[in-house]
Amino acid sequence: MKKSYYILALLATILFSSCQGFNKLMNNPDQSYKYEAAKAYFAQGKYTKAETLLNDIIVVLKGSDKGEESLYMLGMSYYNDNDMTMAHETFSQYVTTYPRGTFIELARFYSGKSLYLYSPEARLDQSGTYNAISELQAFVELFPNSEKKNEAQFMIFDLQDKLVEKELYSARLYYNMGNYLGNNYQACVITAQNALNDFPYSEHREELSYLVLRAKYEMAENSVLSRRIERYRDAQDECYAFRNEFPESKYIKEANEMLEKTEKVLANVSDDE
């Protein structure tokens, strides 16, 4: 009875407390009191205050049931407060400290999801994206029957599309640079083909394939005489491959025009021979 009254009194104090009241709470030496207060703040969605209290008691409670729950709750507080960097660090700490803990499945999931949500846009360095994919793949492998599995797989596919988009930006850049300071068409072909090989089911497959085709055609057009016929034949093969895979492509008109020009060049070669 006394315990119930204590908790009710505590919640009432928290609900109507001022900043001064929170400062008094922080100075209270009773760690259990702070723990219950942190849980109350968390339940109310007052995550910043929950974080402050939990950070103050986390070391003291380490190794106990309250310590385990506090560390997970701290990670969720950061997550709900949209601080994905601290959320990931805290969930990673939980995984290391409590590898068989009650919240290990969720901690691993939200560790990966925090990295997913913090993943940089496609034009930037993608180190964070690779880390997020690795974390989420580890979760799927460790918890194949988890209710979170489908969501984790969706995030993995979404992150992979971002990596493809990064390569697409690079391939476009190389193509647009043309022969400036070297054969950038060849760099375009290599970049686009690597992306196609690594992510064969990407939604950007059509454009990447078209860039390969255009770059090979431009290499043939701008080639030295000794390489021209070889490169026109390569471009011709690429034209047929593109038309077969994407017969309804928005680029089909351009592909047909390149094929027609390529075949004319090669026909003249055959006539000369």
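Residues numbered from 1 in each chain as written. Predicted model: local features only at pLDDT ≥ 70, side-chain atom pairs only at ≥ 80, totals over all residues. Heavy atoms only, no water.

### Here we look at the overall build of the protein
Looking only at helices and strands, one finds 13 helices and zero strands in the protein. Counting helices and strands in the order they occur from the N terminus, the protein gives α-α-α-α-α-α-α-α-α-α-α-α-α. The C-alpha extent of the protein, read off along each of the three principal axes, is 105 × 40 × 30 Å. Relative to its full complement of 273 residues, the protein shows a buried share of 41%. Considering only contacts in the protein between residues 6 or more positions apart, those separated by 24 or more positions represent 56%. Of the roughly 15,600 Å² of accessible surface on the protein, a fraction of 50% belongs to carbon and sulfur atoms. Charged side chains of the protein number 30 positive and 40 negative; the gap between the two group centres comes to 7 Å. (Helix = DSSP H or I, 4+ residues; strand = E, 2+ residues; numbered from the N terminus. Buried < 20%, exposed > 50% of the residue type's maximum accessible area, 1.4 Å probe, protein only. Contact = heavy atoms within 4.5 Å. Areas by Shrake-Rupley, 256 points an atom, 1.4 Å probe, with all protein chains shown as cover. Lys, Arg positive; Asp, Glu negative; His and termini not counted. Charge placed at Lys NZ, Arg CZ, Asp CG, Glu CD.)

### Some details on unusual backbone geometry
Comment: phi is negative for the bulk of residues other than glycine, and the bulk of peptide bonds are trans. A positive phi angle, close to 65°, is found at Asn-82, a residue other than glycine. When you line up the elements, Asn-82 lands in the loop between helix H5 (65-80) and helix H6 (84-97).

### Thoughts on the packing of aromatic side chains
The description of an aromatic ring pair uses the distance of the two centres, along with the angle that the planes make with each other. As enumerated under the stated definition, the model contains 15 aromatic pairs in all. An angle of 65° between the planes, with centres 6.4 Å apart, marks the rings of Tyr-94 and Phe-103 as edge-to-face. Ring pairs connect the aromatic residues Tyr-72, Tyr-79, Phe-91, Tyr-94, Tyr-98, Phe-103, Phe-109, Tyr-110, Phe-139 and Phe-143, which therefore count as one cluster. (Phe/Tyr/Trp six-rings, centres within 6.5 Å; stacked < 30°, edge-to-face > 60°.)

### Re the pattern of salt bridges
Enumeration according to the criterion identifies ten salt bridges in this entry. When the shortest N-O distance is used, the salt bridge between Glu-151 and Lys-113 registers 2.7 Å. Note that Glu-151 is positioned in helix H9 (residues 149-177) and Lys-113 in helix H7 (residues 104-118), a separation of 38 residues in sequence. Between Glu-245 and Arg-205 there is a salt bridge, and its shortest N-O distance comes to 2.5 Å. With Glu-245 in helix H12 (residues 225-245) and Arg-205 in helix H11 (residues 205-221), the pair connects residues that are 40 residues apart, well separated along the chain. Given a relative accessible area of 40%, Glu-245 falls into the partly exposed group. Three or more residues joined by partner-sharing salt bridges are found here, namely Lys-216, Asp-234 and Glu-238. (Salt bridge = Lys/Arg side-chain N within 4 Å of Asp/Glu carboxyl O.)

### A few points about a nonpolar patch on the surface
Nonpolar side chains collect at one region of the surface, where Leu-173, Tyr-174, Met-177, Tyr-180 and Leu-181 lie side by side and expose about 540 Å² of accessible area between them. On the secondary structure map, Tyr-180 appears in the loop between H9 and helix H10 (184-198). Tyr-180 gets classed as exposed once you look at its relative accessible area, which sits at 53%. (Patch = residues over 30% accessible without salt bridge, like charges linked within 9 Å, V, L, I, M, F, W, Y side chains within 5 Å.)

### As for the confidence of the model for the protein
Predicted coordinates in regions of low pLDDT should not be interpreted in detail. Looking at the protein as a whole, its pLDDT mean stands at 89, while 90% of the residues score no less than 70. Predicted confidence in the protein is weakest over helix H1 (residues 2-15), with a mean pLDDT of 50, and strongest over H7, with 97. (pLDDT = per-residue confidence, 0-100.)

### With respect to helix H4 (residues 47-61)
Within H4, the axis deviates most sharply at Asn-55, by approximately 35°. All buried positions along H4 are accounted for by Ala-50, Glu-51, Leu-53, Leu-54, Ile-57, Ile-58 and Leu-61. Two residues or fewer after H4 comes Gly-63, characterised by a positive phi angle close to 95°. (Bend = angle between axes of the 7 residues up to and from the residue.)

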